[in-house]
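# Descriptive analysis of the structure
Single-letter residue listing:
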Amino acid sequence: MAKLVVHPRTFARNHDKFRRTVEEVKKLGFNPSKQLFLIALQALTQISKSRWESKSNAFRQWGWTDEDIVSAFEKYPKYMNFSEHKITAAMNFYVNTMGCKSSYIANFRALFSYSLQRRLIPRGSVVQALLSKGLIEKFNTWIGLGTMFYSFLCKTQIYIKGGTWVSPISQYLNFLQNYAVIPVAVRYVSRIASNEHSFTVSYLVNSCGFSPESALSVSKKIHFDTPKKPDSVLSFFKNHGFSLTLIRDLIKRKPKVLLFNPEQNLLPKFQFFYSKSISSSKLARILSSNPHVLESDLDKRIIPSFNFFKELCRCDDDKVFLAYKNFSSTLIRNLQPVFAPNLGILREIGVPESYIMAKLVVHPRIFAENHEKFRRTAEEVKNSGFNPSKQFFLVALQALLQISKSTWERKSNAFRKWGWTDEDIVSAFEKYPRCMIFSEQKITASLNFYVNTMGWKSSYIATYPILLSYSLERRIIPRCSVLLALLSKGLIEKFSVHTVMISTENDFLRKFVIPYEDPYLLKLYEEKRGLSY
């Protein structure tokens, strides 16, 4: 009954196929009286032979033999329900990031079931930090790297040097904080205790929630012996809608704020910002990511800069805050002498004023470049064939201003690894210059999914480089999961990848989900987007 409620589709299969699959699962040695029997049944009824082979290939690429794959399925059949993308991402993390042998992972299949972002990376980061400090070196040799990962990432308790058992906490910062009181961390804590800023470190850990390591790093930039000033600052921020996480982010970027006088240094600025109709929650998010304005003079710098930028762009107040979030100098420097000549160049070569103002709000940093460099780059973009009257001119200008030659070469190499020629790279940049602004990690992850998971040619992506712009988690994987499901059922044969990806969400649902009246498709799409929890 429990499986019927959660996965009713498994029981809606053709009767003969269902009976054959039940017999197959039974012959594999699964005990019908155990839960794993139904999990194995679900996997074999949902996964076609071609999909099984595709997932098996994902494991073979990491050195698993067919025996490993069958053995893993027999011990933990749920792992074959995971997508190739999840399999590849998890294996890449365990093997290439954590240095664990692929064969160890084959022995601990449950490691695949956990979220890479919410569990594996945070806890793996703790393991790396502790190993780097030599705090769990004996633990490592005692239990084996594979078992250590399994214990640390999966089990409710782990063994620590000195005979102590502790429960891991999902947020690794909290784990490290609690970890500091047990024997394994004695060396590290003693270093903190002997530090001349021990009160500062203790306060940052206990009142702000910093890990001991982060607190030690922050304490090098600030020192106080009593809690009076920092307590008043924390109280001020909490009263203005800052969560402890946002406060911690702010302090990490601007530690000296803990020594401010809230009534003199902070309140007048907050009152000015509130007068510009910004909500406390939005202001908290902006200041936690970019707190530099808090140490600027309100009357001499912030107010004049705010008014200058608003008048220059002829925009609403919220656009000024957006510009500041992206470039702190917006409210802490006199940018008029810098902006004026650079804007003059763009107007002179025919860039529409509306395009200039829109780009100035979102990417003000590029207009603060050295004037000569800005002029040369604008000429280079124009000579490359970009039309100043089109929006891509400013995108190409942004790319060439922001990317150094060495970074350009690294990104080009990321494309070359997927078979792109130099001509392909130049052509892609001309079609969609934003493609060179993406990080190497995003480039590699997107191409890996398109080519290895979906089986599309890399040259096709080079023809439509805009495909690299979409979010892997929010658009590419959810939509491709639906397409793969439709293909496996024979409900579609051909489709334009470009059209599928650029279409709006409503258009995608209208064409590929709603017409088939299959609740599974919508559920699959929402699960992949992380919408159904």
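Our structure's up above, just so we're on the same page.
Residues numbered from 1 in each chain as written. Predicted model: local features only at pLDDT ≥ 70, side-chain atom pairs only at ≥ 80, totals over all residues. Heavy atoms only, no water.

This paragraph deals with the pattern of salt bridges. Under the counting rule described, the total for this entry stands at 15 salt bridges. Lys256 is the partner of Glu295 in a salt bridge, and the nearest nitrogen-oxygen pair spans 3.8 Å. With Glu295 in the loop between α18 (280–289) and α19 (298–313) and Lys256 in the loop between α16 (244–253) and α17 (262–274), this pair connects stretches of sequence that are 39 residues apart. Overall, Lys256 belongs to the partly exposed group, its relative accessible area being 44%. Salt-bridge contacts for Arg314 lead to Glu353; the nearest nitrogen and oxygen are separated by 3.6 Å. Placement of the pair is Arg314 in the loop between α19 and α20 (317–326) and Glu353 in helix α23 (residues 353–362), with a sequence separation of 39 residues. (Salt bridge = Lys/Arg side-chain N within 4 Å of Asp/Glu carboxyl O. Helix = DSSP H or I, 4+ residues; strand = E, 2+ residues; numbered from the N terminus. Buried < 20%, exposed > 50% of the residue type's maximum accessible area, 1.4 Å probe, protein only.)

Now for a positive patch on the surface. Residues Lys17, Arg19, Arg20 and Lys489 make up a contiguous surface patch of positive charge. With respect to the secondary-structure elements, Lys17 resides in helix α2 (residues 15–27). (Patch = residues over 30% accessible without salt bridge, like charges linked within 9 Å, V, L, I, M, F, W, Y side chains within 5 Å. Areas by Shrake-Rupley, 256 points an atom, 1.4 Å probe, with all protein chains shown as cover. Lys, Arg positive; Asp, Glu negative; His and termini not counted. Charge placed at Lys NZ, Arg CZ, Asp CG, Glu CD.)

Attention shifts here to the packing of aromatic side chains. Enumeration according to the criterion identifies 24 aromatic pairs in this entry. Relative to Phe270, the ring of Phe242 lies with its centre 6.2 Å away and its plane at 50°, an arrangement referred to as tilted. Linking Phe242 in the loop between α15 (228–239) and α16 with Phe270 in helix α17, this pair joins segments that are 28 residues apart in sequence. When the ring of Phe273 is compared with that of Phe321, the centres are 5.8 Å apart and the planes differ by 75°; the resulting orientation is edge-to-face. (Phe/Tyr/Trp six-rings, centres within 6.5 Å; stacked < 30°, edge-to-face > 60°.)

With 13 residues, helix α24 (residues 371–383) extends 18 Å between its outermost C-alpha atoms, agreeing within 8% with the 18 Å of an ideal straight helix rising 1.5 Å per residue. When we look at burial in α24, the residues that qualify are Phe374, Thr377, Ala378 and Val381. Across the axial projection of α24, the buried residues extend over an arc of 105°, all falling on one side. Two or three places before Glu372, at the opening of α24, Asn370 has a side-chain oxygen 3.0 Å from that residue's backbone nitrogen. (Expected span 1.5 Å × (residues − 1). Arc of directions from axis to C-beta. Polar contact = N/O pair within 3.5 Å; in protein donor to acceptor, adjacent residues only side chain to side chain.)

Another point: helix α30 (residues 472–488). Each turn of an α-helix holds 3.6 residues, which means side chains three or four residues apart point in the same direction. Among the residues of α30, those classed as buried are Leu472, Ile476, Ile477, Pro478, Arg479, Cys480, Ser481, Val482, Leu483, Ala485 and Leu486. Between the side-chain oxygen of the N-cap and the backbone nitrogen of Glu473 there are 3.4 Å, and the N-cap of α30 in question is Ser471. Backbone geometry just downstream of α30 places Gly490 in the positive-phi region, at approximately 75°.

Looking now at the side chain of Thr88. Within the secondary structure layout, Thr88 lies in helix α6 (residues 84–97). Here Thr88 is in contact with Ala58, Trp62 and Asn448, once residues within four sequence places are set aside. (Contact = heavy atoms within 4.5 Å.)

Along the chain, Ser305 falls in helix α19. Ser305 sits in the buried class, given a relative accessible area of 4%. Not counting chain neighbours up to four residues away, the residues in contact with Ser305 comprise Thr330, Leu331, Ile332 and Arg333.

Before going further, it helps to spend a moment on the state of the cysteines. Considering all chains together, one arrives at zero disulfides under this definition. Free cysteine Cys315: the closest other cysteine sulfur is in Cys313, separated by 4.7 Å. (Disulfide = S-S within 2.5 Å.)

Next up on the list: unusual backbone geometry. Look at Ser277: it is not a glycine, yet its phi comes out positive at around 65°. Relative to the elements of secondary structure, Ser277 occurs in the loop between α17 and α18. Since its relative accessible area comes to 69%, Ser277 is described here as exposed.

Among the nonpolar cores identified, the biggest contains 99 residues, and Phe237, Ile251, Leu294 and Leu346 are the most heavily contacted of them. Those residues in contact with Ile251 that lie beyond four places of it in its chain are Leu204, Cys208, Phe210, Val218, Leu234, Val257 and Leu258. Core analysis: the next-biggest nonpolar cluster, separate from the first, contains 32 residues, Ile47, Ala72, Ala90 and Phe93 among them. (Core = buried A, V, L, I, M, F, W, Y, C linked by side-chain atoms within 4.5 Å.)

This brings us to the environment of Asp231. By the secondary structure assignment, Asp231 is in helix α15. Asp231 sits in the partly exposed class, given a relative accessible area of 37%. When the C-alpha atoms of Asp231 and Leu259 are compared, they prove to be 9.5 Å apart, with 28 residues separating the residues in sequence. There is a polar contact of 2.5 Å between the side chain of Asp231 and the side chain of Tyr203.

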